[in-house]
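One-letter residues, chain by chain:
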Amino acid sequence: MDLKNAVVLVTGGNRGIGKALAAEAVARGARKVYAAARDPRTVTSPDVQALALDVTDPESVRLAAEQTGDVTVLINNAGIYVGASLVTGDLDEVRREFETNFYGPINVTRAFVPQLLANGGGRIVNVHSALSWVAFGQSYSATKAALWSASDALRLELAPQGVGVTGLHVGYVDTDMAAAVDAPKISPSSVAAQVFDAIEQDRDEVLADDTSRGAKASLTADPADRYAAMAG
């Protein structure tokens, strides 16, 4: 894909990985970059176009699609972390996490695929996690595992129509979400650069760090063995 002709929309584009993705799109010469957020006033970069979008609100999603029409690269980045126990946790909080991390990207994708097709195809990027493959995130891992499976299903459905789907897997990133974590972290700018390399090269998967590469490699092991190895 030639990004100089691309129009990129990043959900959750006001901070963290989303802000870095929007900045990287600008740096690579995208024709236009929408940074979407529930409160567009929190989008501070003068180089992007702020867009009001709450991924959990179907009406907000519909209005955002109506206000654009030219998107060719959709990046489903917006997400939250609850990490509740699936046995004892607050089920309303688990549902809220799924509404944002799973149904949100599905809602946005359904609303924006028609304009990707009308603009000749394009690419969707879904932000998964190394925790898509490792359940230490409890309810969060469940939401990201569901999104990973949905990305595969979307890829199979949309590829014949000229729309690619890329899944991003990454461990800890130096953002507010991981501020309390005492572990090695990758920078948001590094993640963003790898994502746009993949977009330009039409690649379907980004394993952004050693954590995500290790999580994927462990999938062939017996579940008991893989979790025992991680715990050790």
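Everything numeric in this text was worked out from a predicted model, so none of it was measured.

Asks: Tell me about the environment of Leu219, residues and numbers included.
Replies: Here Leu219 shows up in the loop between helix H6 (210-217) and helix H7 (223-231). For the pair Leu219 and Arg41, spaced 178 residues apart in sequence, the C-alpha to C-alpha distance is 42 Å. Aside from chain neighbours lying at most four places away, what touches Leu219 is Trp133, Trp148 and Arg226.

Asks: Give me the sheet that holds strand S6 (residues 163-169): which residues, what numbers.
Replies: With parallel pairing, the seven strands of this open sheet are ordered in space as S3-S2-S1-S4-S5-S6-S7. Both edges of this open sheet fall to strand S3 (49-52) and strand S7 (205-207), since each of them pairs with a single strand only. On average, each strand axis in the sheet is tilted by 20° relative to the strand beside it, whichever way the strands run. Bridge count between strand S5 (residues 122-127) and S6: six bridges; the pairing is parallel. Its bridge partner lying in S6, Asn126 is registered against Gly167. Across the face of the sheet, helix H1 (residues 16-27) comes into contact with strand S1 (7-11), strand S2 (32-37) and strand S4 (73-76) while running at roughly 170° to S1. Against the sheet, helix H4 (residues 139-158) touches S5 and S6, its axis set at about 160° to S6.

Asks: Any chance you could break down the pattern of salt bridges for me, citing the residues and the numbers?
Replies: Per the stated rule, a full pass over the model turns up 14 salt bridges. Taking the shortest distance from any N to any O, the salt bridge between Arg28 and Asp197 comes out at 2.9 Å. With a gap of 169 residues between them, Arg28 in the loop between H1 and S2 and Asp197 in helix H5 (residues 188-200) connect regions that are remote in the sequence. On the basis of relative accessible area, Asp197 is assigned to the partly exposed category, the value being 29%. Note that Asp92 and Arg95 form a salt bridge whose closest N and O atoms lie 3.6 Å from each other. You can see Asp92 and its partner Arg95 sitting in helix H3 (residues 91-118), three residues apart, about one turn around the helix.

Asks: Now, about H3: what can you tell me, with residues and values included?
Replies: End to end, H3 covers 40 Å across 28 residues, agreeing with the expected 40 Å (1.5 Å per residue, within 8%). Most pronounced at Tyr103, the bend in H3 amounts to some 45°, and the proline Pro105 follows within four residues. Here H3 starts with a cap whose side-chain oxygen sits 2.9 Å from the backbone nitrogen of Asp92, and that cap is Asp90.

Asks: Pulling in residues and values, what's your account of the side chain of Ser141?
Replies: Among the structural elements, Ser141 can be located in helix H4. A polar atom in the side chain of Ser141 sits 3.1 Å from the backbone oxygen of Leu131. Leaving out residues up to four positions away in the same chain, Ser141 has contacts with Leu131, Ser132, Val134, Ala135 and Phe136.

Asks: So what's going on with the pairing of S4? Residues and values would help.
Replies: With burial as the criterion, each face of S4 is covered, one bearing Val73 and Ile75 and the other bearing Leu74 and Asn76. Across three bridges, the pairing between S1 and S4 is parallel. Opposite Leu9, over in S4, you have Leu74 as the bridge partner. By the bridge criterion, four bridges tie S4 to S5 in an arrangement that is parallel. For Asn76, the partnering residue across the bridge sits in S5 and is Asn126. Tracing the backbone out of S4, into H3 and back to the parallel element S5 gives a crossover that is right-handed.

Asks: Outline the nonpolar core, listing residues and values.
Replies: Ranked by size, the top nonpolar core spans 31 residues in total, and within it Val8, Leu21, Ile75, Leu168, Val191 and Phe196 carry the most contacts. Ranked by residues supplied to this core, first place goes to H5 with six residues. The contact partners of Ile75, leaving out residues within four places of it in the chain, are Val8, Leu9, Val10, Thr11, Leu21, Val125 and Phe196. Ranked by size, the runner-up nonpolar core spans 22 residues in total, among them Val55, Ala64, Leu116 and Ile124.

Asks: Before we move on, could you go through the packing of H1 against H5 and cite the residues and values that matter?
Replies: Between H1 and H5, the shortest axis-to-axis distance is 8 Å and the interhelical angle comes to 50°. Compared by their axis directions, H1 and H5 come out oblique. Between H1 and H5 lies a crossing whose hand is right-handed. Here Gly16, Ile17, Ala20, Leu21, Glu24 and Ala25 of H1 come into contact with H5, specifically with Pro188, Ser189, Val191, Ala192, Ala193, Val195 and Phe196.

Definitions and limits used
- Residues numbered from 1 in each chain as written.
- Predicted model: local features only at pLDDT ≥ 70, side-chain atom pairs only at ≥ 80, totals over all residues.
- Heavy atoms only, no water.
- Helix = DSSP H or I, 4+ residues; strand = E, 2+ residues; numbered from the N terminus.
- Contact = heavy atoms within 4.5 Å.
- Pairing = 2+ DSSP bridges.
- Axes fitted to C-alpha atoms, helices over the stretch in contact; angles between N-to-C directions.
- Salt bridge = Lys/Arg side-chain N within 4 Å of Asp/Glu carboxyl O.
- Buried < 20%, exposed > 50% of the residue type's maximum accessible area, 1.4 Å probe, protein only.
- Expected span 1.5 Å × (residues − 1).
- Bend = angle between axes of the 7 residues up to and from the residue.
- Polar contact = N/O pair within 3.5 Å; in protein donor to acceptor, adjacent residues only side chain to side chain.
- Right-handed = clockwise from strand over helix to strand, strands pointing away.
- Core = buried A, V, L, I, M, F, W, Y, C linked by side-chain atoms within 4.5 Å.
- Parallel < 35°, antiparallel > 145°, perpendicular 65-115°, else oblique.
- Left-handed = near helix turned anticlockwise from the far one by under 90°.

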